[in-house]
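# Structure assessment
One letter stands for each residue in the lines below.
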There are 2 protein chains.
Amino acid sequence: MTEHTARFFGLGLGPGDPDYMTVRARKVLESADRLVHFCKRGRRGNARTIADAVVGQSPEREIALVYPVTTEIPADHPEYAAALNPFYEEAASRLLAEVEAGRTVAVLCEGDPFFYGSFMHLWWRLKDKVPTEVVPAVSGMSGAWTRAGAPITWGDDVLTVLPGTLSEAELTRRLSGTDAAVVMKLGRNLPKVRAAISAAGLLERAIYVERATMAQEKIVPLPDLPEDFDAPYFSLIIVPGQGRRV
Amino acid sequence: MTEHTARFFGLGLGPGDPDYMTVRARKVLESADRLVHFCKRGRRGNARTIADAVVGQSPEREIALVYPVTTEIPADHPEYAAALNPFYEEAASRLLAEVEAGRTVAVLCEGDPFFYGSFMHLWWRLKDKVPTEVVPAVSGMSGAWTRAGAPITWGDDVLTVLPGTLSEAELTRRLSGTDAAVVMKLGRNLPKVRAAISAAGLLERAIYVERATMAQEKIVPLPDLPEDFDAPYFSLIIVPGQGRRV
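Residues numbered from 1 in each chain as written. Chains lettered and ligands numbered in written order. Predicted model: local features only at pLDDT ≥ 70, side-chain atom pairs only at ≥ 80, totals over all residues. Heavy atoms only, no water.

With 65 residues of chain A in contact, the opposing surface of chain B contributes 65 residues. Of the roughly 5,500 Å² buried where chain A meets chain B, counting both sides, 61% is carbon and sulfur surface. Taken together, the connections running from chain A to chain B amount to four salt bridges. Elements represented by at least two residues in the side of chain A that touches chain B include exactly α1 (23-31), α3 (78-100), α4 (119-126), β5 (132-135), α5 (140-147) and β6 (159-163) of chain A. Note: β6(A) against strand β6 (residues 159-163) of chain B, three bridges, orientation antiparallel. Within the sheet, the bridge partner assigned to T160(A) lies in β6(B) and is T160(B). (Contact = heavy atoms within 4.5 Å. Buried area = accessible area lost by both parts, 1.4 Å probe. Salt bridge = Lys/Arg side-chain N within 4 Å of Asp/Glu carboxyl O. Helix = DSSP H or I, 4+ residues; strand = E, 2+ residues; numbered from the N terminus. Pairing = 2+ DSSP bridges.)

Encoded structure:
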């Protein structure tokens, strides 16, 4: 079913534990000529770190795409798009040149590439220009509910996935109307998200999960998390459903 | 990170393509003493079929759990629980006896075990009695949006996952208020789901996906699907989000 002629890959690596990579992801990781990852200035990207278990240091294969901004500018601010648009344009041109030079190029993705992935901004620029294959992966949220021992949906439960960037009122409204929830993109949004979860009456069921399936994994019932807790951007909160058990 | 001492496994096998199994799932599949799968009477289960690429016929390892009812009785009818409860109770006892006899037991799951999985009904009966490991997997919906070439969530999109078993009014209300959606459990619910998607103004964006990543994969824009189309229970409809592209 997979397209073995692809030259450009969106390579989902899963939530963190290298054993949770797919067989297909491992194969592409081992064979691609160029391994691309996104990162903050001065830091290694999470996706590249996940790949360490399979590929060692190989400087000639590596392409690091350094975000010009990350969370310093709100994503709905005009300056955000003004900074990110040329970044993705240039990155797409660079990867296109690699493919046109005869090399296979794999963009490493934490979690699943088509679920809030930065890769998508390269994908829509290149998909009609080069043979492309997207390798799906275990999502970060699946790693979280699995490690928390918390089945997320039972029976006819409705699941709502929300970015923590929404307003408190919007978060509260949507959390009040769902059976199960996942709140992504916490970081500095954590106090607002916690307030919304409390207002929706879900605090007792909520679980904070950080770096699920990785060595530094942290899983804490939300009511037990300190008020001043400093959550990374790639942490999330799950609210498991309580649907039909038979 | 994985618990190598587990005796009872919820083994997510992913959406169908055996290359989309995780490395961990392959290992457990190769080594478990008993391979358990759910099925309808007279049929092989989908999860067992996915495993064919890794494990051949080995009758002494196989345990088939045959559902007493599937979609003949609505899940909210009292007779449904009356039939399913003793089924899960007996299955749990049988698997517990296998573990107590010194064998490792893996329950094969299509998709991700903790996302609407039948396995969950065995898990909560056995998790405090035997060392348990749940292996997360690529979800069926991820296989669907990947193969459809349709990134599901961009920027701050809200994703709602809905079972097609909800009422048309409820489906319409929830679809009208979300950025992106996945409707699961179609089967005989397809006409109702289609009406709700139309009422919510989402028909043009909706994509019908059946057996994503498998040989018999079918991907059709929903407006092009015949009115009398006979959808299997394990098909779904995706409505990709249209959030921020930079």
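Now that the structure has been shown, the text picks up again.
Attention now moves to the side chain of T104(B). All names here are of chain B. For T104, the location among the structural elements is in the loop between α3 (78-100) and β4 (105-109). Residue classification places T104 among the buried positions, given a relative accessible area of 13%. With residues near it in sequence (within four places) discarded, T104 still touches A6, R7, F9, S31, A32, D33 and R34. (Buried < 20%, exposed > 50% of the residue type's maximum accessible area, 1.4 Å probe, protein only.)

All right, on to the sheet that holds strand β2 (residues 34-39) of chain B then. Sheets are built from strands paired through backbone hydrogen bonds, the pairs being either parallel or antiparallel. All names here are of chain B. Spatial ordering of the open sheet is given by β3-β2-β4-β1-β5, a layout of five strands whose pairing is parallel. The open sheet is flanked by β3 (62-66) and β5 (132-135), the only strands paired with a single partner. The average undirected angle you get between the axes of adjacent strands in this sheet is 20°. Relative to β3, β2 runs parallel, the two being bridged by five bridges. Bridge pairing in β3 links V36 to I63. This element, α3, spans β1 (8-12), β2, β3 and β4 of the sheet and lies at about 165° to β3. (Axes fitted to C-alpha atoms, helices over the stretch in contact; angles between N-to-C directions.)

Here we come to the sheet that holds strand β3 (residues 62-66) of chain A. Residues and elements named next belong to chain A. Pairing is parallel in the open sheet, where five strands are placed in the order β3-β2-β4-β1-β5. Edge strands, defined here as strands with exactly one partner in the open sheet, are β3 and β5. Ignoring which end each strand starts from, the neighbouring axes of this sheet average 20° apart. Sheet strands in contact with α4 are β1 (8-12), β2 (34-39), β3, β4 (105-109) and β5, and its direction is about 155° off that of β1.

To continue, consider empty space enclosed by the protein. All told, the structure shown has one cavity of 30 Å³ or more when counted by the stated rule. One number sums up the size of the largest cavity: a volume of about 100 Å³. Considering the residues around the largest cavity, the lining is formed by 15 residues, among which S139(A), M141(A), S139(B), M141(B) and S142(B) are closest to the centre. Looking at the lining of the largest cavity, the elements that each hand over two or more residues are α5 of chain A together with α5 (140-147) of chain B. (1 Å grid on protein atoms, 1.4 Å probe; cavity = no way out; pocket = protein on both sides within 12 Å on 5 of 7 lines; lining within 4 Å. Points joined across faces, edges and corners; volume = space filled by probe spheres on them.)

On to the packing of aromatic side chains. Between two aromatic rings, the relevant description is the distance of the centres plus the angle of the planes. Considering all chains together, one arrives at 22 aromatic pairs over all chains under this definition. The interplanar angle of 35° and the centroid separation of 5.7 Å between the aromatic rings of F8(A) and F119(A) together place this pair among those described as tilted. Residue F8(A) is found in strand β1, and its partner F119(A) is found in helix α4; the two are separated by 111 residues along the sequence. Look at F8(A) and you get buried, because its relative accessible area is 0%. Relative to F229(B), the ring of Y208(B) has its centre 5.2 Å away and its plane inclined at 75°; by these criteria the two rings are edge-to-face. (Phe/Tyr/Trp six-rings, centres within 6.5 Å; stacked < 30°, edge-to-face > 60°.)

Packed helices, taken two at a time, are described by their axes: the angle between them and the distance between them. Residue and element names in this part refer to chain A. Packing of α3 against α4 brings their axes to within 9 Å, and their N-to-C directions diverge by 60°. Taken together, the axes of α3 and α4 are oblique relative to one another. Classified by chirality, the crossing of α4 by α3 is right-handed. Listed contacts from α4 to N85, Y88, E89, A91, A92, L95 and L96 of α3 are H121, L122, R125 and L126. The class makeup of the residues in the contact of α3 with α4 is seven nonpolar, two polar and two charged. (Parallel < 35°, antiparallel > 145°, perpendicular 65-115°, else oblique. Left-handed = near helix turned anticlockwise from the far one by under 90°. Nonpolar A, V, L, I, M, F, W, Y, C, P; charged D, E, K, R; others polar.)

A few words on the pattern of salt bridges. Applying the stated criterion across every chain, the model contains 31 salt bridges over all chains. Between D156(B) and R244(B) there is a salt bridge; the shortest N-O distance is 3.6 Å. Taken as a pair, D156(B) in the loop between α5 and β6 and R244(B) in the segment after β10 (235-239) lie far apart in primary sequence, 88 residues in all. For E170(B), the salt bridge goes to R173(B), with nearest N and O atoms at 3.4 Å. Taken together, the residues span about one helical turn, with E170(B) and R173(B) both in helix α6 (residues 168-176) at a distance of three residues. Since its relative accessible area comes to 24%, E170(B) is described here as partly exposed. The exposure class assigned to R173(B) is exposed, which follows from its relative accessible area of 53%. Salt bridges here are not isolated pairs; linked through shared partners, they connect R44(A), R48(A), D52(A) and E62(A).

This part covers the environment of E30(B). Residues and elements named next belong to chain B. Its place among the elements puts E30 in helix α1 (residues 23-31). With a relative accessible area of 52%, E30 lands in the exposed category. Along the chain, E30 and V54 lie 24 residues apart, while their C-alpha atoms are 7.3 Å from each other. The contact partners of E30, leaving out residues within four places of it in the chain, are V54 and R61.

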